Amino acid sequence: MESNSSTNEHTGRGTMWELERNLDQPMDAEAGRLRNMYREKTYPTLVLLQLAFQSLGVVFGDLGTSPLYVFFNIFPRGIEDTEQVIGALSLIIYSLTLIPLVKYVFIVLRANDNGQGGTFALYSLLCRHAKINTIPNQHRTDEDLTTYSRHTYDEKSLAAKIKGWLEGNEIRKNVILILVLFGTCMAVGDGILTPAISVLSATGGIQVEEPKMRNDVVVIVSVVILIGLFSMQHFGTDKVSWLFAPIVLVWFILIGILGAVNIYKYDRSVLKAFNPIYVYRYFKRGKTSWASLGGIMLSITGTEALFADLSYFPVQAIQIAFTVVVFPCLLLQYTGQAAYISQNTDHVSHAFYYSLPDSVLWPSFVVATAAAIVASQATISMTYSIIKQALALGCFPRVKIIHTSKKYRGQIYSPDINWILLIFCIAVTAGFKNQSQIANAYGTAVIMVMLVTTFLMVPIMLLVWRSHWSLVILFTTLSLVIEIPYFSAVVRKIDQGGWVPLVFAVAFLIIMYVWHYGTLKRYEFEMHSKVSMAWILGLGPSLGLVRVPGVGLVYTELASGVPHIFSHFITNLPAIHSTLVFVCVKYLPVYTVPPDERFLVKRIGPKNFHMFRCVARYGYKDIHKKDDDFEQMLFNSLMLFVRLESMMEEYTDSDEYSTRELNQAGNANPRINGINTSSNMELSYTSHDSIIQVQSPNHTGNSQLMSSGQTYQTVGDEVAFLNACREAGVVHILGNTIIRARRDSGFLKKIAINYMYAFLRKICRENSAIFNVPHESLLNVGQVFYV
């Protein structure tokens, strides 16, 4: 006692603190069995070529349909002289070379999150290398996942200083979060505008054959195609995706050949546009040339989608497809169009269709429309993935997510988002009725996302790649020198349609930030109000209640401690289940958590308390199944834990020895949890208060079987007891918590919490639907939190 007293005096902490620390230790030992084994895949040459071919239909559709509308948006008021066309072509050539080819294909694509691309993938990388995640639900045990790749830094290195600078201030964390959310919102705007401009431009070919046809007819045809496209989304693309790559390949071959023919047929002098001096001469023409940058930038639309749609293709495959097929065919087409326009300046609108021979006009129209649909499908799927990532990281209200393919995990569909996209897409198409204003809106969205990517690449290069600061400055400077002029050009056209993506972005940004803010405040309150585990165990094996047959799964966002909602529950009800499992379902900044690493299980308190904690970890690409997989996997992990724990207690050797035994014993699921029972050994409670023979699971109604306070002579007895509890019934206990702002809170906080967040919670899906909890097994416990 004297030793304990002196220790407490020295540490300045009481005995309850020491007991709490022993009772609810982090799952270091459990997660320590999982090792980082991620390796980048290598592919044989033939497989790589096949993947490069398949990537054409997913990644490059948007970029490939740009020739349909670029030149018309560069010269909406007509062309003054041929020199103007050559200068614009020169800008297109070097924009395609510097941004899609150099910046994205050979640099940004390397900043992928284990094969995942996009704004949230960059954010996930940053969250793993620096503690900038504003919801602090991660623990060092998560770093042992095979998909959780990260670096350690020398304390004196520049990367360590940058890391400390980012982590040292909440404002900096929020700035990065807002930047990511803004880029995400602009990408969602891209998903609205791409189908509108691609389909409208493709169907515009009808007017070439029928010049007297009114523009309203083209708009109606485009709207019908868009309705059909969005109505088919719930079927998924798995059954028709095999058509995408051939369609887009035929499209690229078509535009490449036609471009080469037009160069030879009309004006080979346009080839001098490859001389960069014509870029300088173009800008010398004055404000008109600067204003046309918005149209020129449309030649690189789809570049950001190239990064966001990275999911299923290795970087090498995309590099091969772009350099061998996409890049040369686009250069030929733009050069061929310039050659045609220089000789037919009055045909700048629908220049692609006008430059076609009459014999291939309608076949080209069919292929162009099909390519536009494929390009639209790629951006729509990208939008679903972006929303799913935002939802997983607590930045978007809960919406329904459906798997549309058993073969490809990333092919998902969200009916709520789908119909929102359809409504906005039809509104944009029917509201503007012409390419010019939609193009201004499209250009604004694209350049905003590119700027966000540039700014996020700075910490990525410093922390993840650990590049020299001079290379970071060089990359950032060259990127901004190209992108800022484009940005300045589209800003001037905000009143001519450029305001559309800004309105979309602001609306989505407010929704996402308010939801994230409310989620953060709720998590902080639960952390501060959690119940001491020492107090719970002080109630005794029965927790001061009647222990009734069955298993209670108590869902909580906390990976340690007992949630306040549980104390609220046992305070108001006189009974609790014989077996309690505190289930924490959390998402991590990784694209996926392998199923055999998903669950961490440990025992809370002595065996006669029958209390466990289970942490289920998911990545932003993972989705809960609709069947009983989650519950079955949870119980399998629990049973395996009990067996392996018993085996560990038979040995007194080193941890290394017990780990080897665990891996041998758990060959059915060898990567699941190691065990940490040391905390139980330090308790004053005994695990052998009474020994009661476990009866057959068929006698689940026997109160002696389900009574609390019993322990077991063999591990089989406890397994039988757990099975009997499960057969008696599983109840899912969820907290239906409502957060309200305190009376002394500011006006904005009251609006955000009491009205906006409350409204979003009311219209979004319940947790029970997300976890696929059967209604008859659900028990909601409600209470109000004031934050």
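Residues numbered from 1 in each chain as written. Predicted model: local features only at pLDDT ≥ 70, side-chain atom pairs only at ≥ 80, totals over all residues. Heavy atoms only, no water.

### Points about the overall build of the protein
For step 1, the next point in the chain: Regarding its fold elements, the protein presents 33 helices and eight strands.
For step 2, the next point in the chain: Sequence separation of at least 24 residues holds for 83% of the intrachain contacts in the protein that already meet a minimum separation of 6.
For step 3, the next point in the chain: Of the roughly 32700 Å² that the protein leaves accessible, carbon and sulfur atoms contribute 59%. (Helix = DSSP H or I, 4+ residues; strand = E, 2+ residues; numbered from the N terminus. Contact = heavy atoms within 4.5 Å. Areas by Shrake-Rupley, 256 points an atom, 1.4 Å probe, with all protein chains shown as cover.)

### What about the side chain of N73?
For step 1, the next point in the chain: Within the secondary structure layout, N73 lies in helix α6 (residues 70-74).
For step 2, the next point in the chain: Not counting the four nearest positions on each side in its chain, N73 is found in contact with G295, L298, Q435, S436 and A439.

### A look at the pattern of salt bridges
For step 1, the next point in the chain: For the structure on display, the rule yields nine salt bridges.
For step 2, the next point in the chain: Across the pair K173 and E170 runs a salt bridge, and its minimum N-O distance is 3.4 Å. Taken together, the residues span about one helical turn, with K173 and E170 both in helix α10 (residues 170-203) at a distance of three residues.
For step 3, the next point in the chain: The partner of E631 in a salt bridge is R726, and the shortest N-O contact between them spans 3.9 Å. In this pair, E631 sits in helix α27 (residues 629-649) while R726 sits in helix α31 (residues 715-728), placing the two residues 95 residues apart along the sequence. (Salt bridge = Lys/Arg side-chain N within 4 Å of Asp/Glu carboxyl O.)

### Section: the environment of K602
For step 1, the next point in the chain: Its place among the elements puts K602 in strand β5 (residues 599-603).
For step 2, the next point in the chain: Linking K602 and V615, residues 13 residues apart in sequence, is a C-alpha distance of 9.1 Å.

### Brief notes about the nonpolar core
For step 1, the next point in the chain: In this structure, F60, F252 and Y353 are the most contacted members of the largest nonpolar core, which totals 162 residues.
For step 2, the next point in the chain: The greatest single-element share of this core, amounting to 18 residues, is contributed by helix α22 (residues 435-464).
For step 3, the next point in the chain: In contact with Y353, not counting residues within four places along its chain, are L68, S201, A202, G204, G205, V208, L361, F365 and A368.
For step 4, the next point in the chain: V551, Y620, F630 and V642 belong to the second-largest nonpolar core, a separate cluster that totals 31 residues. (Core = buried A, V, L, I, M, F, W, Y, C linked by side-chain atoms within 4.5 Å. Buried < 20%, exposed > 50% of the residue type's maximum accessible area, 1.4 Å probe, protein only.)

### Looking at a nonpolar patch on the surface
For step 1, the next point in the chain: A contiguous nonpolar surface patch, about 310 Å² in accessible area, is contributed by L158, W469 and I473.
For step 2, the next point in the chain: With respect to the secondary-structure elements, I473 resides in helix α23 (residues 469-491).
For step 3, the next point in the chain: By relative accessible area, I473 is classed as partly exposed at 44%. (Patch = residues over 30% accessible without salt bridge, like charges linked within 9 Å, V, L, I, M, F, W, Y side chains within 5 Å.)

### Here's the deal with the pairing of strand β6 (residues 611-618)
For step 1, the next point in the chain: For β6, a buried count of eight out of eight residues is recorded, marking the element as mostly surrounded by other parts of the structure.
For step 2, the next point in the chain: The pairing of strand β4 (residues 575-587) with β6 spans eight bridges and is classified as parallel. What sits directly across from F582, in β6, is R613.
For step 3, the next point in the chain: As paired elements, β5 and β6 share five bridges and run antiparallel to each other. If you follow K602 over to β6, its bridge partner there is R613. (Pairing = 2+ DSSP bridges.)

### Thoughts on the packing of helix α7 (residues 82-105) against helix α18 (residues 315-343)
For step 1, the next point in the chain: Put simply, α7 and α18 touch, their axes get as near as 10 Å, and they point 175° apart. Judged on the interaxial angle alone, α18 and α7 are roughly antiparallel. Of the residues in α18, those in contact with T82, V85, L89, I92, I93, L96, T97, P100, L101 and V105 of α7 are V315, Q319, F322, T323, F327, L330, L331, Y334, T335, A338, I341 and S342. (Axes fitted to C-alpha atoms, helices over the stretch in contact; angles between N-to-C directions. Parallel < 35°, antiparallel > 145°, perpendicular 65-115°, else oblique.)

### Things to note about the packing of aromatic side chains
For step 1, the next point in the chain: Applying the stated criterion to the full structure yields 17 aromatic pairs.
For step 2, the next point in the chain: Through successive ring pairs, a cluster of aromatic residues spans W251, F352, Y353, W362 and F365.
For step 3, the next point in the chain: The ring of W465 is capped by R110, whose NZ or CZ atom sits 4.4 Å from the centre of that ring.
For step 4, the next point in the chain: Over the ring of Y278 we find R281; its NZ or CZ atom is 5.0 Å from the centre of that ring. (Phe/Tyr/Trp six-rings, centres within 6.5 Å; stacked < 30°, edge-to-face > 60°. Lys NZ or Arg CZ within 6 Å of the ring centre and 35° of its normal.)

### Side note on the pairing of β5
For step 1, the next point in the chain: Most of β5 sits out of view: five of its five residues are buried.
For step 2, the next point in the chain: What you see with β5 is no split at all: F599, V601 and R603 on one side and L600 and K602 on the other are buried throughout.

### Here's the deal with α7
For step 1, the next point in the chain: An ideal rise of 1.5 Å per residue puts 34 Å on 24 residues; α7 measures up with 32 Å between its terminal C-alpha atoms.
For step 2, the next point in the chain: Buried residues dominate α7, accounting for 18 of its 24 residues. (Expected span 1.5 Å × (residues − 1).)

### Considerations on the sheet that holds β6
For step 1, the next point in the chain: Here we have six strands laid out as an open sheet, ordered β5-β6-β4-β3-β7-β8, and mixed in their pairing. A single partner strand is all that each edge strand has here, and the edge strands are β5 and β8 (778-786). Strand-to-strand twist across the sheet, computed as the mean angle between neighbouring axes with direction ignored, equals 25°.
For step 2, the next point in the chain: Of the strands in this sheet, β3 (546-556), β4, β7 (730-740) and β8 are in contact with helix α26 (residues 564-572), which crosses β8 at around 115°.

### A word on unusual backbone geometry
For step 1, the next point in the chain: One non-glycine residue, H350, lies in the positive phi region at around 55°.
For step 2, the next point in the chain: By secondary structure assignment, the location of H350 is in the loop between α18 and α19 (351-354).
For step 3, the next point in the chain: Unusually for a residue other than glycine, H610 sits at a positive phi of about 55°.
For step 4, the next point in the chain: Within the secondary structure, H610 is located in the loop between β5 and β6.
For step 5, the next point in the chain: Owing to a relative accessible area of 2%, H610 belongs among the buried residues under this scheme.

### Describing α26
For step 1, the next point in the chain: If you check which residues of α26 are buried, you get I565, F566, S567, F569 and I570.
For step 2, the next point in the chain: Those residues of α26 that are buried are in contact with α25 (533-538), β3, β4, β7 and β8.

### Describing the environment of P276
For step 1, the next point in the chain: Mapped onto the secondary structure, P276 falls in the loop between α13 (241-265) and α14 (277-283).
For step 2, the next point in the chain: Take P276: its relative accessible area is 49%, and that puts it in the partly exposed class.
For step 3, the next point in the chain: Remark: the alpha-carbon pair of P276 and S90, spanning 186 residues in sequence, is separated by 6.6 Å.
For step 4, the next point in the chain: Among all residues touching P276, those that are not within four sequence positions of it are S90 and Y94.

### Re the packing of α10 against helix α20 (residues 361-392)
For step 1, the next point in the chain: Two elements in contact, α10 and α20, have axes whose closest approach is 9 Å; the angle formed by their N-to-C orientations is 165°. By the angle class used here, α10 and α20 are roughly antiparallel. You can see that α10 and α20 cross each other, and the crossing is left-handed. Taking contact as the criterion, the partners of T184, A187, V188, D190, G191, T194, P195, S198, V199, A202 and T203 in α10 are, on α20, F365, A368, T369, A372, A375, S376, T379, I380, M382, T383, I386 and I387.
For step 2, the next point in the chain: Residues of the contact of α10 with α20, tallied by class, amount to 13 nonpolar, nine polar and one charged. (Left-handed = near helix turned anticlockwise from the far one by under 90°. Nonpolar A, V, L, I, M, F, W, Y, C, P; charged D, E, K, R; others polar.)

### A closer look at the side chain of T379
For step 1, the next point in the chain: Assignment of secondary structure puts T379 in helix α20.
For step 2, the next point in the chain: Residue T379 is classed as buried on the basis of its relative accessible area of 0%.
For step 3, the next point in the chain: Residue contacts for T379: discarding those within four places in its chain leaves D62, G191, T194 and P195.

### So, the environment of V188
For step 1, the next point in the chain: One can find V188 in helix α10.
For step 2, the next point in the chain: V188 sits 198 residues away from I386 along the chain, and the two C-alpha atoms are 7.7 Å apart.
For step 3, the next point in the chain: Ignoring sequence-local partners within four residues, the contact set of V188 consists of T383, I386, I387, L421 and F508.

### Section: the confidence of the model for the protein
For step 1, the next point in the chain: Confidence in the prediction of the protein, expressed as mean pLDDT, is 78, and 82% of residues score 70 or more.
For step 2, the next point in the chain: Averaged over each element, pLDDT in the protein is lowest for helix α29 (residues 678-681) (32) and highest for α18 (93).
For step 3, the next point in the chain: Between residues 651-709, whose pLDDT stays under 50, and residues either more than four places distant or in other chains, the model counts 125 contacts. (pLDDT = per-residue confidence, 0-100.)

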